[in-house]
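Here are the chains, one letter per residue:
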Amino acid sequence: GEDVEQSLFLSVREGDSSVINCTYTDSSSTYLYWYKQEPGAGLQLLTYIFSNMDMKQDQRLTVLLNKKDKHLSLRIADTQTGDSAIYFCAETPLGGYNKLIFGAGTRLAVHP
Amino acid sequence: SAVISQKPSRDICQRGTSLTIQCQVDSQVTMMFWYRQQPGQSLTLIATANQGSEATYESGFVIDKFPISRPNLTFSTLTVSNMSPEDSSIYLCSVRRGAGETQYFGPGTRLLVL
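From a predicted model like this one, the values you see are computed outputs, not experimental measurements. (Residues numbered from 1 in each chain as written. Chains lettered and ligands numbered in written order. Predicted model: local features only at pLDDT ≥ 70, side-chain atom pairs only at ≥ 80, totals over all residues. Heavy atoms only, no water.)

## Observations concerning the overall build of chain A
Right, on to step 1. Along chain A, the regular secondary structure elements total zero helices and eleven strands.
Right, on to step 2. Along chain A, helices (α) and strands (β) appear in the sequence β-β-β-β-β-β-β-β-β-β-β when read from the amino end.
Right, on to step 3. Against the 2.2 N^0.38 benchmark of 13 Å for 112 residues, chain A shows a C-alpha radius of gyration of 13 Å, consistent with a compact globule.
Right, on to step 4. Principal-axis analysis of the C-alpha atoms gives chain A an extent of 45 × 30 × 20 Å.
Right, on to step 5. In chain A, which comprises 112 residues, the share counted as buried stands at 46%.
Right, on to step 6. Taken as a whole, chain A presents about 5300 Å² of accessible surface, with 49% of it coming from carbon and sulfur.
Right, on to step 7. Looking at charge distribution, chain A has the averaged site of its 10 positive side-chain charges lying 1 Å from that of its 13 negative ones. (Helix = DSSP H or I, 4+ residues; strand = E, 2+ residues; numbered from the N terminus. Rg over C-alpha atoms; globule rule 2.2 N^0.38 Å. Buried < 20%, exposed > 50% of the residue type's maximum accessible area, 1.4 Å probe, protein only. Areas by Shrake-Rupley, 256 points an atom, 1.4 Å probe, with all protein chains shown as cover. Lys, Arg positive; Asp, Glu negative; His and termini not counted. Charge placed at Lys NZ, Arg CZ, Asp CG, Glu CD.)

## Let's talk about the side chain of A:Gln37
Right, on to step 1. Position of A:Gln37 relative to the elements: it lies in strand E4 (residues 31-37).
Right, on to step 2. Looking at A:Gln37, its side chain comes within polar contact range of the main-chain oxygen of A:Ala41, at 3.3 Å. (Polar contact = N/O pair within 3.5 Å; in protein donor to acceptor, adjacent residues only side chain to side chain.)

## Quick look at the sheet that holds strand E1 (residues 4-6) of chain A
Residue and element names in this part refer to chain A.
Right, on to step 1. A sheet is described by the order of its strands in space; here five strands give the open sequence E1-E3-E8-E7-E6, paired in antiparallel fashion. Single-partner strands in this sheet number two, and they are E1 and strand E6 (55-58). Between one strand and the next, the sheet's axes are offset by a mean angle of 15°, whatever the strand orientation.
Right, on to step 2. Where E6 lies against strand E7 (residues 61-66), four bridges are found, and the strand directions are antiparallel. Across the sheet, the residue bridging to Met-55 is Leu-64, located in E7. (Pairing = 2+ DSSP bridges. Axes fitted to C-alpha atoms, helices over the stretch in contact; angles between N-to-C directions.)

## So, the interface of chain B and chain A
One frequently used descriptor of interface size is the decrease in accessible area upon assembly of the parts.
Right, on to step 1. Every contact between the two is made by 22 residues of chain B and, on the other side, 18 residues of chain A.
Right, on to step 2. Summed over both partners, the interface of chain B with chain A buries about 1600 Å², with 53% contributed by carbon and sulfur atoms.
Right, on to step 3. Where chain B meets chain A, there are zero salt bridges.
Right, on to step 4. Across the contact surface, chain B and chain A share six residue pairs in polar contact (both at pLDDT 80 or more).
Right, on to step 5. Only strand E4 (31-37), strand E5 (43-50), strand E9 (89-97) and strand E10 (102-105) of chain B provide two or more residues apiece to the side of chain B that touches chain A.
Right, on to step 6. The class makeup of the residues in the side of chain B that touches chain A is ten nonpolar, eight polar and four charged. (Contact = heavy atoms within 4.5 Å. Buried area = accessible area lost by both parts, 1.4 Å probe. Salt bridge = Lys/Arg side-chain N within 4 Å of Asp/Glu carboxyl O. Nonpolar A, V, L, I, M, F, W, Y, C, P; charged D, E, K, R; others polar.)

## Description of a nonpolar patch on the surface
Right, on to step 1. Judged by side-chain polarity, B:Ile12, B:Leu112 and B:Leu114 come together as a nonpolar surface patch covering roughly 280 Å² of accessible area.
Right, on to step 2. Examined against the element boundaries, B:Leu112 turns out to sit in strand E11 (residues 109-113). (Patch = residues over 30% accessible without salt bridge, like charges linked within 9 Å, V, L, I, M, F, W, Y side chains within 5 Å.)

## Digging into the state of the cysteines
A disulfide bridge is the covalent bond that connects two cysteines by way of their sulfur atoms.
Right, on to step 1. In total, this model carries two disulfides over all chains according to the counting rule given.
Right, on to step 2. Here A:Cys22 is linked by a disulfide to A:Cys89, with a sulfur-sulfur distance of 2.0 Å. Residues A:Cys22 and A:Cys89 are joined through a disulfide that is left-handed, its torsion about the S-S bond being -60°. Here the residue A:Cys22 occupies a position in strand E3 (residues 18-24), and A:Cys89 occupies one in strand E9 (residues 85-92), the gap between them amounting to 67 residues.
Right, on to step 3. Since its relative accessible area comes to 1%, A:Cys22 is described here as buried.
Right, on to step 4. With a sulfur-sulfur separation of 1.9 Å, B:Cys23 is cross-linked through a disulfide to B:Cys93. Since a negative S-S torsion denotes a left-handed disulfide, the B:Cys23-B:Cys93 link at about 65° is right-handed. Taken as a pair, B:Cys23 in strand E3 (residues 19-25) and B:Cys93 in strand E9 lie far apart in primary sequence, 70 residues in all.
Right, on to step 5. Take B:Cys93: its relative accessible area is 0%, and that puts it in the buried class.
Right, on to step 6. The closest cysteine sulfur to the non-disulfide-bonded B:Cys13 is located on B:Cys93, 17 Å from its own sulfur. (Disulfide = S-S within 2.5 Å.)

Okay, here's the thing in structure tokens:
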């Protein structure tokens, strides 16, 4: 079956890098996504990566994909207090364009 | 990206009543999706709404409980029927657009059932 797992909590110091990890079980996943949810807000798409890519960089964000290990990570460089939020990893399985399978979300806390 | 609005943004309802949530998109889309986020949980797809056909429901969700309308390519409604406290959640609509089959989400409707 399809399953996406994330660690639930991460605490970092302001200015440090944050690395949020995600593992998934569906080897046929086509796209993988990172969403951000701030308190009381909806979901904001941060970035996505196609399954034939290893890495994608977008300003402070770096996504790494290890297909062999079914491992996805999101690195946030120079983490700021405004980055405090819940980060969701999600996948679209092959042929399942209608459905996003979400992880439980990682709560990132940034402290001074 | 997509500009998606939802109404109401939040509501407090009595058990046994029904609430209809509206979702408006800034341009035409083929598919619209409805998700539920229970307190402290991740998102679960309720159904996919296509214009001109019946919605497709995921396992565990039924039309009698969550009827959906899709009258045109920019609008959809989700009704939460005969509500109980277990229906207290955030309900989000989303659309798929552009590269990466990317799904964009509305701001959500926060529902509390007493």
